[in-house]
Each structure stands twice: as structure tokens, then as C-alpha cells.
Amino acid sequence: MSDAALAFASIDDLGRRLRRRTVSSAELAAFYLKRLERFGPRLNSVVTLLHERAMAEARQADAELARGRDRGPLHGIPYGVKDLVAVRGAPTTWGAQPYRGQSFPYDATVVKRLRAAGAVVIAKLAMIELAGGMGYNQADASFTGPCKTPWNLKFWSGGSSSGSGSSVSAGLVPFAIGSETDGSIMSPANNCGVSGLRPTYGRVSRHGAMALCWTLDKLGPLCRSARDAGLVLSAIAGRDADDSTSVRRPFDFPAPARARWRLATVKGAADKTQPAVKKNYMAALSALREIASIEEVSLPEFPYDAMVGSIIAAEGGAAFREIIQDGRIGQLADPDGRRGGYSYLVTYAVDYVDAMRERRPLRQALNAIFAKVDALVAPTYSTVAPPIDIPFDKAYPGFSDGPLISACNLAGIPAVSVPSGFGASGLPTGVMFVGRAFGEAEIIGVADAFQSRTDWHRRHPLPAFA
Amino acid sequence: MAGSRAAPPVPTPKPTPAPSALANGLARSLQRELKAAHLSDELTAKIAGDIQSNFDIAKAFRKVRLRNADEPDTVFFAGRDEQ
């Protein structure tokens, strides 16, 4: 098997090779560490490599397989985590200069669960500083510099789970853990052409992960396919006594095969998209019509910008009050981020409470839609990745994203974004499937069915990352 | 809200609002009270713009007809840690 084929292999492929003993977990860990060392600096996608721990865990995984102990599909598979997830003793910088010296004496629950599933943590991956919570308007919003999409190094990886998306896309790790408050998994999935899953709020424990917004933050995987994302979610989902918002709900993956799905497009979702995004979306709908009925629905009207803005301001302002008040946010890389937190300190409490009051009727309105359909389908974003050297608000004038990502984050419902083709400058586009609360198995099922009819997820940025 | 989106790949450009007297006053109050932050006059003026932008966006709440009984989705629960 060539290096490129190994670098871009799926979790199932790697698992088969491990069990046939054609490769060992230690060889895989060394292989991906070498790729991270070689390509990470080119992409600005890596913060810290975990050589010692990676090799120790990999050798343990090999020893267990040799004596017949198989922990499941992730056994022996290397992975990376966004640098807001605690890995015992390793730097956990939150992407931000004020926290570069920070580390924690414990593993985050998600790391513990992946270890219990046999996966091998090998790297801490770059991210937008403080998950973008203080605001940002440029790709260079991290002390590690602008993270790039492997498809074209002049363009942004997306964020805030920047290194997670970029590293998976370039074949530097088989999968990675990211987080989303309001688009931070969907955006790198779109810009890097990978499959990103934002789970239902409460599905995955956030213990040991940086808090930006306690009522919006979710952890989820970025992978080569929707199926891989399901395999990872199976390992990390579940109630955790250390996160009071986590819940014990079954995740029956894979979902039973279906002859026909019920999908709905969101009215207006493709109206202000780049032509290639729209064209690829229409082609995706054509492919989906082979397996689904598709109707159109309207997103309920809510003050989405005010809701998500008030919650990020109030909760993010509280979470980072100390460095706002003492001026350390002045050390952030992005000029917007250096001052955004100050306005948070004077957010009206009644606006925050009203935002939280609106979330229940929003959930109810979306539940009414999901009583009739299995999933919503829409372009993930209105454009391909913006250039790294132009402020976001100047990059693509005339195109804009609808409120769907914010609406779904406010409602806490899951989504999976998968690649749908390519647009300007050879950059990928994405299509996302949104499901009912705790309906991850269904949206992964429909995304998997889509990927079985398309090959966009099998395209890789070669030969640059061979 | 100004500068508050967690992941805006392509935020919609918004004209910078002229800060109201209230927004300017709040920004100056932050400048006075947060001595350790050493907020310059130039930065304070930008913060006033952020505050005004946030106020303008939050006006949307006033158009919504929430009922008195509509509770926030996160409520205090006295017995939470005992479960």
C-alpha cells in the first residue's frame, strides 16, 4: 500500500490492516507523526505532537490485539484533538497567547473514552483563539498563524476547529476531535472537504474542554466520511458525571437501512450562494432524489442573530471575564478579538434571558418540522474558503449564509457536513444534513447513502500531500 | 453582535453604527473602571461602536411576543447535584 493510500485510508480500512497484522498501531502512529511533522508547518495545523504518549499507547494497542483483546473499530487508530481539549500534562493553549503555558493534570472525558476504545492520541491541533469567542475577522486569529486548507494554501481552513479539519483533509490524522459553538465544525468541514459531525448538545461530555458558551458548546469529530464520524461518535457519546449537561441516550449506529428517506430543503438556503456552491448543491439534490423524497420547508422566524449574539456575549464574557478585565485579551492575534470582549461586559441581562426564553419555542418549531421529515439538507456555507490575506467581510461580497447553522446550534440539534464538489480556486464545497435531537444515526445514515453515490469524500489534495 | 460570531467564514458586512450617548458612556465607563486593561481613547471609541452594534441587533428581542410564563431554557434546579 502506498503512503498516500495509507494516509487517506478510512477507519474501517485501517482496522482491517491492523487485524490482519499488515500494519501495527505503532507503525501507524509513527507514520502519521511523521506526516504531521512534515506537513503540519506548511498548513499551520499543529500545535503539539505527543510522540511519547502516542507511541506508548500504540504499543499497548498492539500488545492487546496480539493477545486477543480487541476494543472495537477504533482500536489502534491514531487521532488528533483540537487544542481546547485537555490531554494530561500536554500544553492546552486554547489557541491563544495568554494560555500558551497552560496544561492540565488530567485527560478530558472525550480523550478518556477514545483511549478506552483503543484509539491513540498523537497531536494537539490548531484552532482559532478561544474558539473565536471574542470575535475574529481574519484567518490569522491564532498564535499559530493562519491555518490553511490543503486544497489551496492561499485559502483558510475554516474555524474554529481549523487544525482538525486541515489535518484530516491532508491525511495527517485519520480523524480529529473538534468543537462547535456556532459553526466551528461545519466551517472546517466545508473549507477542507471533510465530513464533520456536530452532535446534539449533551450527547458528548465536554469535561476537560475549554468553555466558551456553556449552553452552546459541543464536541464532535471531523473524519474522512460520515460513517467514520459515526464510529467515533459511538466511542465518545454518553452520560458523564463530570458534565451535568451530558445525557444517557442510545446511539444505535449504524441506523437500520432504509429504502427511502424523507428530506426537506430549506427555503432560500441557496439563494445567496456562489454559483459553484449552488450547482453542487443542486447536483447533490439530484443524487439524493434516488433515495429520498424531498420537500421544501421554511425555517421559522426567530431573532437568530440577536439570540446567538446575546448568548455568546453573556456566557463568553463570563467565561473570559478575567482576561478581558485585566487586558490580556490585548494579546490575541485578531484585532476584533482584542476588543470584542469589552462590549460583552455590558450585555443586558434581560437580552440574555430573552435569548434563552426563545430557545424553547425554537426547538418546538423545529420539532414540528422533524415530525414530517428525517433531515433538512442545505449548502453548508454560501462560499468556498476565503483567502487567508483578506478580511472575511471583504472576501466575498454579495454572498451570505442563512441562519440555519445558528438556528440549529441554538436548538442543540445535530448536523453532518460532507463534501459536495469543488468551486473557485479548486476549493471544496459542502452540503449538510440536519436532524432532530439525538437523531445522529439518521443523518449519518442519509449522509452515508449520499457518499455511497458520490466520490467527493474520496478526493484528496494530491500530489501536494502524498 | 459585533465581533461575537464564533465562526463566521463570511460575515455579512455591517456599517459601523454611530454610537449613542449611552454606548459612548458605557465604553468610557469601561475605560475608567478597567484600569489594568489600559484602554486607549481610540480603542474605547471602537468599543462604543461594538456596544451600539450589539444594542441594535438586540432590538429584535423587542419585536418578539414572549408570554410571561415563557421560561428560559436553562432553569435553576435545586436538587441537581444530589441526583
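Reading the values: rules and limits
Residues numbered from 1 in each chain as written. Chains lettered and ligands numbered in written order. Predicted model: local features only at pLDDT ≥ 70, side-chain atom pairs only at ≥ 80, totals over all residues. Heavy atoms only, no water. Helix = DSSP H or I, 4+ residues; strand = E, 2+ residues; numbered from the N terminus. Rg over C-alpha atoms; globule rule 2.2 N^0.38 Å. Buried < 20%, exposed > 50% of the residue type's maximum accessible area, 1.4 Å probe, protein only. Contact = heavy atoms within 4.5 Å. Areas by Shrake-Rupley, 256 points an atom, 1.4 Å probe, with all protein chains shown as cover. Lys, Arg positive; Asp, Glu negative; His and termini not counted. Charge placed at Lys NZ, Arg CZ, Asp CG, Glu CD. Pairing = 2+ DSSP bridges. Axes fitted to C-alpha atoms, helices over the stretch in contact; angles between N-to-C directions. Phe/Tyr/Trp six-rings, centres within 6.5 Å; stacked < 30°, edge-to-face > 60°. Lys NZ or Arg CZ within 6 Å of the ring centre and 35° of its normal. pLDDT = per-residue confidence, 0-100. Salt bridge = Lys/Arg side-chain N within 4 Å of Asp/Glu carboxyl O. Expected span 1.5 Å × (residues − 1). Patch = residues over 30% accessible without salt bridge, like charges linked within 9 Å, V, L, I, M, F, W, Y side chains within 5 Å. Buried area = accessible area lost by both parts, 1.4 Å probe. Polar contact = N/O pair within 3.5 Å; in protein donor to acceptor, adjacent residues only side chain to side chain. Nonpolar A, V, L, I, M, F, W, Y, C, P; charged D, E, K, R; others polar. Parallel < 35°, antiparallel > 145°, perpendicular 65-115°, else oblique. Left-handed = near helix turned anticlockwise from the far one by under 90°.

As for the overall build of chain A
When its secondary structure is counted, chain A shows 16 helices and 11 strands. Over its C-alpha trace chain A gives a radius of gyration of 20 Å, about what one expects of a compact globule, namely 23 Å for 466 residues. Every one of the 466 residues in chain A was classed for burial, and the buried ones make up 66%. When contacts within chain A are restricted to residue pairs at least 6 apart in sequence, those whose partners lie at least 24 apart make up 78%. Total accessible area on chain A stands at roughly 15,500 Å², and carbon and sulfur atoms take up 51% of it. Distance between charge centroids for chain A: 4 Å, based on 54 positive and 44 negative side chains.

Quick notes on the sheet that holds strand β8 (residues 292-297) of chain A
Residues and elements named next belong to chain A. Strand order in the open sheet formed by 11 strands is β1-β3-β2-β4-β6-β5-β10-β11-β9-β7-β8, and the pairing between neighbours is mixed. Pairing within the sheet leaves two strands with one partner each, and these edge strands are β1 (46-49) and β8. Strand after strand, the sheet turns through a mean of 30 degrees between neighbouring axes, direction not considered. As judged from the 6 bridges shared by strand β7 (residues 261-266) and β8, these two strands associate in the parallel manner.

Brief notes about the environment of Gly89(A)
Residue and element names in this part refer to chain A. Note that Gly 89 resides in the loop between β2 (78-82) and α5 (109-116). The class for Gly 89 is exposed, based on a relative accessible area of 57%. Once you skip the residues sitting within four places of it in the chain, Gly 89 turns out to touch Ser 103 and Phe 104.

Some points on the pairing of strand β10 (residues 415-422) of chain A
Residues and elements named next belong to chain A. Burial runs high along β10: 7 of the 8 residues are buried. Inspection of the sheet shows strand β5 (residues 195-198) paired to β10 by 3 bridges, in the antiparallel sense. For Leu 197, the partnering residue across the bridge sits in β10 and is Val 416. Pairing of β10 with strand β11 (residues 428-434), which is carried by 7 bridges, proceeds in the antiparallel orientation. Across the sheet, the residue bridging to Phe 422 is Pro 428, located in β11. The turn linking β10 back onto β11 is made up of 5 residues, and Ser 425 within it adopts a positive phi angle of 60 degrees.

What about the packing of aromatic side chains?
Residues and elements named next belong to chain A. Summed over all chains, the structure comprises 17 aromatic pairs over all chains. Geometrically, the ring pair formed by Phe 422 and Trp 456 is edge-to-face, given 5.9 Å between the ring centres and 70 degrees between the ring planes. Of this pair, Phe 422 sits in strand β10 while Trp 456 sits in the segment after α16 (440-453), placing them 34 residues apart in sequence. A residue is classified by how much of its surface remains accessible, and Phe 422, at 24% relative accessible area, is partly exposed. Feature note: the residues Trp 94, Tyr 99, Phe 104, Tyr 106 and Phe 320 constitute an aromatic cluster, connected by ring pairs. Its guanidinium or amino end placed over the ring of Phe 465, Arg 42 lies 5.9 Å from that ring's centre, counting from NZ or CZ.

Some points on the confidence of the model for chain B
Put simply, chain B has an average pLDDT of 81, and 73% of its residues get 70 or more. Low pLDDT (under 50) marks residues 1-13 of chain B, which in the prediction has 62 contacts with non-local residues, meaning those over four places away or in another chain.

Observations regarding α5(A)
Residues and elements named next belong to chain A. Along α5, the residues that are buried comprise Thr 109, Val 110, Val 111, Arg 113 and Leu 114. Contacts made by the buried residues of α5 are with α4 (51-66), β2, β4 (176-180), β6 (218-223) and α8 (226-236). The first or second residue beyond α5 is Gly 118, which carries a positive phi of 95 degrees.

Concerning the side chain of Asp217(A)
Residues and elements named next belong to chain A. Checked against the element boundaries, Asp 217 lands in the loop between β5 and β6. With no salt bridge to any partner, buried Asp 217 finds its closest opposite charge in Arg 206, at an N-O distance of 4.7 Å. Other than its neighbours up to four places away in sequence, Asp 217 contacts Glu 180, Thr 181, Tyr 201, Arg 206, Met 210, Ala 211 and Leu 212.

Some words on the side chain of Arg35(A)
Residue and element names in this part refer to chain A. With respect to the helices and strands, Arg 35 occurs in helix α3 (residues 25-43). It is Asp 3 that comes nearest to the buried, bridge-free Arg 35 among opposite-charge side chains, at 6.1 Å. Apart from residues lying up to four places away in sequence, Arg 35 is in contact with Ala 7, Phe 8, Gly 40, Ala 170, Gly 171, Leu 172, Phe 465 and Ala 466.

Some words on helix α13 (residues 349-370) of chain A
Under the 1.5 Å per step criterion, the end-to-end length of α13(A) is 32 Å for 22 residues, consistent within 8% with the ideal 32 Å. Within the sequence span of α13(A), burial applies to Asp351(A), Asp354(A), Ala355(A), Met356(A), Arg357(A), Glu358(A), Arg359(A), Leu362(A), Leu366(A), Ile369(A) and Phe370(A). Residues of α13(A) that are buried make contact with β8, α10 (304-319), β9 (375-379), α15 (404-411) and β11 of chain A together with α2 (41-58) of chain B.

Thoughts on a nonpolar patch on the surface
A grouping of Tyr348(A), Val350(A) and Leu22(B) is seen on the molecular surface, where their side chains present a nonpolar patch of about 280 Å² in accessible area. Locating Val350(A) in the fold gives a position in helix α13. The class of Val350(A) is exposed, set by a relative accessible area of 58%.

Side note on the interface of chain B and chain A
Chain B puts 41 residues into the contact, and the matching count from chain A is 59 residues. Regarding the contact of chain B and chain A, the summed buried area is about 4,000 Å², with carbon and sulfur atoms giving 61% of it. Counting across the chain B and chain A interface gives 3 salt bridges. Between chain B and chain A we count 7 residue pairs in polar contact (both at pLDDT 80 or more) in total. Of all elements in the fold, only α1 (21-33) and α2 of chain B reach the threshold of two or more residues within the side of chain B that touches chain A. A per-element tally of the side of chain B that touches chain A places α2(B) first, with 9 residues. Across the side of chain B that touches chain A, the residue classes break down as 27 nonpolar, 6 polar and 8 charged.

A few points about the pairing of β5(A)
Residues and elements named next belong to chain A. Side-chain alternation along β5 places Ser 195 and Leu 197 on one buried face and Gly 196 and Arg 198 on a second face that is also buried. Relative to β6, β5 is paired through 2 bridges, and the arrangement is antiparallel. Bridging across to β6, Ser 195 finds its partner in Cys 223.

A short note on the packing of α1(B) against α2(B)
Residue and element names in this part refer to chain B. Axis separation between α1 and α2 bottoms out at 8 Å; the angle between their running directions is 135 degrees. In terms of orientation, α1 and α2 fall into the oblique class. The handedness of the crossing between α1 and α2 comes out as right-handed. The segment α1 lies against α2, with Leu 22, Ala 23, Asn 24, Leu 26, Ala 27, Arg 28, Leu 30 and Gln 31 engaging Asp 41, Thr 44, Ile 47, Ala 48, Ile 51, Gln 52 and Phe 55. A breakdown of the residues in the contact of α1 with α2 according to their chemical character gives 9 nonpolar, 4 polar and 2 charged.

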